[in-house]
Amino acid sequence: MVSKQVTIVSATGLHARPASQFVQVAKGFQSDVKISDVDKGTAPVNAKSIMMILAAGLGTGSKVEITCEGPDEQDAPGALLAIKDNDENLFSE
């Protein structure tokens, strides 16, 4: 299992278009991918589900933990952290 804690820095947070991009990238991996709000202490949600991501309410400034477990777990976090929204980074380490 590989996990990474990052902060959402996109002005829109993880909503609508950036959430859709995040889910599409997550679905490209065989590994289970989960995301949780560290500050709120919420349970991890399935990062391959747009409904779960939107329901988590991950806004700008939220500190989140992305966890990947499976055969390609080493590659998934880097791909997810590379997502950009309007040419700006979605996450900051």
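Predicted model only: the values in this text are computed from it and were never measured. (Residues numbered from 1 in each chain as written. Predicted model: local features only at pLDDT ≥ 70, side-chain atom pairs only at ≥ 80, totals over all residues. Heavy atoms only, no water.)

**Considering the UniProt feature "domain: HPr" (unreviewed entry) in the protein**
Taken from the UniProt record, the annotation "domain: HPr" (unreviewed entry) applies to residues 1-93. Annotated as residues 1-93, this span is 27% helix and 30% strand, and its ends, taken at the C-alpha atoms, are 19 Å apart. (UniProt positions renumbered as here; feature names shortened; annotations may be inferred. Helix = DSSP H or I, 4+ residues; strand = E, 2+ residues; numbered from the N terminus.)

**A short note on the pattern of salt bridges**
Tallying each qualifying case throughout the model produces 2 salt bridges. Note that E93 is salt-bridged to K4, the shortest N-O span being 2.8 Å. Taken as a pair, E93 in the segment after β7 (91-92) and K4 in strand β1 (residues 2-8) lie far apart in primary sequence, 89 residues in all. By relative accessible area, which is 31% here, K4 ends up partly exposed. Across the pair R17 and D85 runs a salt bridge, and its minimum N-O distance is 2.9 Å. Residue R17 is located in helix α1 (residues 16-27), and its partner D85 is located in strand β5 (residues 84-85); the two are separated by 68 residues in the primary sequence. (Salt bridge = Lys/Arg side-chain N within 4 Å of Asp/Glu carboxyl O. Buried < 20%, exposed > 50% of the residue type's maximum accessible area, 1.4 Å probe, protein only.)

**A short note on the side chain of D37**
Position of D37 relative to the elements: it lies in strand β2 (residues 32-37). Within the buried core, D37 has no salt-bridge partner, and the shortest N-O distance to an opposite charge, that of K40, equals 4.1 Å. At a separation of 3.0 Å, a polar atom in the side chain of D37 contacts the main-chain amide nitrogen of D39. A distance of 3.1 Å separates a polar side-chain atom of D37 from the backbone nitrogen of K40. Beyond its immediate sequence surroundings of up to four residues, D37 is in contact with T42, L58, S62, K63 and V64. (Lys, Arg positive; Asp, Glu negative; His and termini not counted. Polar contact = N/O pair within 3.5 Å; in protein donor to acceptor, adjacent residues only side chain to side chain. Contact = heavy atoms within 4.5 Å.)

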